[in-house]
Amino acid sequence: MLTRKSKLFLMKILSLFSVVRGYNIPIIVLAQYLSSIFILAPERRALDVILDWRLFIIVFVSTLTIASGYIINNFYDSEKDLINRPNKSMLDRLVSQKTKLQVYFGLNFMATVLAYIISFRAALFFAVYIFLIWFYSHKLKKYPIVGNLTASLLAVLPFFGILLYFKNFYNVIFAHASFLLLLILIREMIKDLENIKGDIANNYQTIPVRFGEKTSKQIITFLTVSTVIPIYILIEKYDVGYMDIYFYVSLIVLILFLMKLWKSETHVEYVQLHNILKSLIVAGVFCIVLIDPNVLVHGRALLKI
């Protein structure tokens, strides 16, 4: 039987796991490695990419930085989350604000030191990334459009860190990045609709607060329709293998998403829309292997080439 002290300690570990959104970390790691193998460095053997210790450190540093970003975002949003996510907020509050800051600075220090092992430029890149996450959480997220764009760019920036490492600036990479950026931007704007009560209470000047829900939906509609452009480019101009199936399915899902968007009015409905986009993004991570499924089917043979 666990003692009361042990149970409280385990609850605090669970709380910290919730704060850093530990359930997202494996997906981020998988996305970075699959992107490296199939998109960012397709000319390299899969085994060489997997066993590249420098890439491992970059991915690890990225996860540390992203985890610290979740902490500082949670730190500044604690009051707002009491309104928008009361159940999660109560769990997150089992860890004190002081402890969160200590973990935040600890993760950032560790990330910077590890990045310096790779190079001074890598350390500088992640130091700037850490600063931008803090500046977004502290200031920028309270403002319409700028906050949404910054959040979206910060979400894809770790992939550009890997891109700078491989130094392979293929046009297809930017087509993939454009599609991902649009999906994340749409999701950020849905989150604003989802969190409108907390934003109003804490004076966050988001698009639905400043201009109204209808205007927000119109912008989301425009962005959703705009995803057709990178999808067309990826399918028609580049060889994405069987991943074109994912893009065709994405179009269908996004059409249904828009239909539901204009019917949605409640917090629960906006959460459902958020989950649709999140599922689409996560599915995209796993579907990267469809670019060349032979890596999985005949993986052992390919790794020996």
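Structure: above.
Just so it is clear, the structure is predicted and the values come from calculations on it, not from any experiment.

**Thoughts on the overall build of the protein chain**
Counting its secondary structure elements, the protein chain contains 18 helices and zero strands. Its C-alpha atoms give the protein chain a radius of gyration of 20 Å, near enough to 19 Å, the size a compact globule of 305 residues would have. Along the longest, intermediate and shortest principal axes, the C-alpha atoms of the protein chain span 55 × 50 × 45 Å. Per-residue burial for the protein chain yields a buried fraction of 47% across its 305 residues. Long-range contacts, defined here as pairs at least 24 residues apart, represent 77% of the contacts in the protein chain between residues at least 6 apart. Split by element, the accessible area of the protein chain, about 16100 Å² in all, is 69% carbon and sulfur. Here the protein chain contributes 31 positively and 18 negatively charged side chains, and the mean placements of these two sets differ by 9 Å.

**Focus on the packing of aromatic side chains**
One pass over the full model with this rule turns up twelve aromatic pairs. Ring plane angle 0 degrees and centroid distance 6.2 Å describe the contact between Phe-56 and Phe-60, whose orientation is recorded as stacked. In this pair, Phe-56 and Phe-60 both sit in helix α4 (residues 53-76), four residues apart, roughly one turn of the helix. For Phe-60, a relative accessible area of 34% translates into the label partly exposed. With centroids separated by 5.8 Å and ring planes inclined at 40 degrees, the aromatic side chains of Phe-131 and Trp-134 adopt a geometry described as tilted. In this pair, Phe-131 and Trp-134 both sit in helix α8 (residues 120-138), three residues apart, roughly one turn of the helix. A residue is classified by how much of its surface remains accessible, and Phe-131, at 46% relative accessible area, is partly exposed.

**A short note on the environment of Leu-258**
Considering the arrangement of structural elements, one finds Leu-258 in helix α15 (residues 244-261). Leu-258 sits in the buried class, given a relative accessible area of 16%. Expressed as a C-alpha distance, the spacing of Leu-258 and Val-225, which sit 33 residues apart in the sequence, is 9.2 Å. Residues within four places of Leu-258 in sequence aside, it is in contact with Thr-221, Thr-224 and Val-225.

**Some words on the nonpolar core**
Counting 82 residues, the largest nonpolar core has Phe-38, Leu-183, Ile-190, Ile-220, Tyr-246, Phe-247 and Phe-257 as the members making the most contacts within it. It is helix α10 (residues 171-194) that contributes the most residues to this core, twelve residues altogether.

**A short note on the packing of α4 against helix α7 (residues 97-118)**
As a packed pair, α4 and α7 sit with axes 9 Å apart at the nearest point and diverge in direction by 155 degrees. As the angle between them shows, α4 and α7 are arranged roughly antiparallel. The crossing of α4 and α7 is left-handed. Here the contact of α4 with α7 is built from residues that sort into 20 nonpolar, five polar and two charged.

**Some remarks on the pattern of salt bridges**
Tallied over the entire structure, the rule returns five salt bridges. Put simply, Lys-141 and Asp-77 hold a salt bridge, and the shortest N to O gap is 2.4 Å. In this pair, Lys-141 sits in the loop between α8 and α9 (146-166) while Asp-77 sits in the loop between α4 and α5 (78-84), placing the two residues 64 residues apart along the sequence. Of the two residues, Lys-141 and Asp-77, neither departs from the other in class, the shared state being buried. In this structure, Lys-191 engages Glu-188 in a salt bridge whose closest nitrogen and oxygen atoms are separated by 3.5 Å. Linking Lys-191 with Glu-188, this pair stays in helix α10, spanning three residues, or about one helical turn. With a relative accessible area of 8%, Glu-188 lands in the buried category.

Calculation criteria
- Counting starts from 1 at the beginning of each chain's written sequence and moves along it residue by residue.
- Residue-level local features of this predicted model are given only where pLDDT is at least 70; pairs of side-chain atoms are given and counted only at 80 or more, and the full residue set underlies all totals for whole chains, interfaces and linings.
- With hydrogens and water stripped out, all remaining heavy atoms of the structure feed into the side-chain values.
- Each helix is a run of DSSP H or I of at least 4 residues and each strand a run of E of at least 2, with the numbering of both proceeding from the N terminus.
- Each radius of gyration reported is based on C-alpha atoms, and the globular scaling rule is 2.2 Å times the count of residues to the power 0.38.
- For every residue, the accessible area (1.4 Å probe, protein chains only) is compared with the maximum for its type, and the residue is labelled buried under 20%, exposed over 50%, or partly exposed between those bounds.
- Here, residues are in contact when the closest pair of their heavy atoms is within 4.5 Å.
- The Shrake-Rupley method, run with a 1.4 Å probe, gives the accessible areas here. Residue values count only the displayed protein chains as cover.
- As used throughout, the charge tally considers Lys and Arg to be positive and Asp and Glu to be negative, leaving His and the chain termini uncounted.
- Where a charge lies is defined by one atom per residue type, namely NZ (Lys), CZ (Arg), CG (Asp) and CD (Glu).
- Side-chain rings of Phe, Tyr and Trp, where Trp is taken by its six-membered ring, are said to pair if the distance between their centres is within 6.5 Å; with planes under 30 degrees apart they count as stacked, over 60 as edge-to-face, and otherwise as tilted.
- Among buried residues, the Ala, Val, Leu, Ile, Met, Phe, Trp, Tyr and Cys ones that are joined through side-chain atoms within 4.5 Å form a nonpolar core.
- Note on geometry: axes are lines fitted to C-alpha atoms, helical ones only across the stretch in contact, with angles between N-to-C directions running from 0 to 180 degrees.
- Roughly parallel covers angles under 35 degrees, roughly antiparallel covers those over 145, roughly perpendicular covers 65 to 115, and oblique covers all other angles.
- Each crossing is labelled by how the near helix is turned from the far one, with a counterclockwise turn of less than a right angle marking it left-handed and a clockwise turn marking it right-handed.
- Under the grouping applied here, Gly and all other residues not named as nonpolar or charged are polar, the nonpolar ones being Ala, Val, Leu, Ile, Met, Phe, Trp, Tyr, Cys and Pro and the charged ones Asp, Glu, Lys and Arg.
- Each salt bridge in this description consists of a side-chain nitrogen of Lys or Arg and a carboxyl oxygen of Asp or Glu lying within 4 Å of one another.

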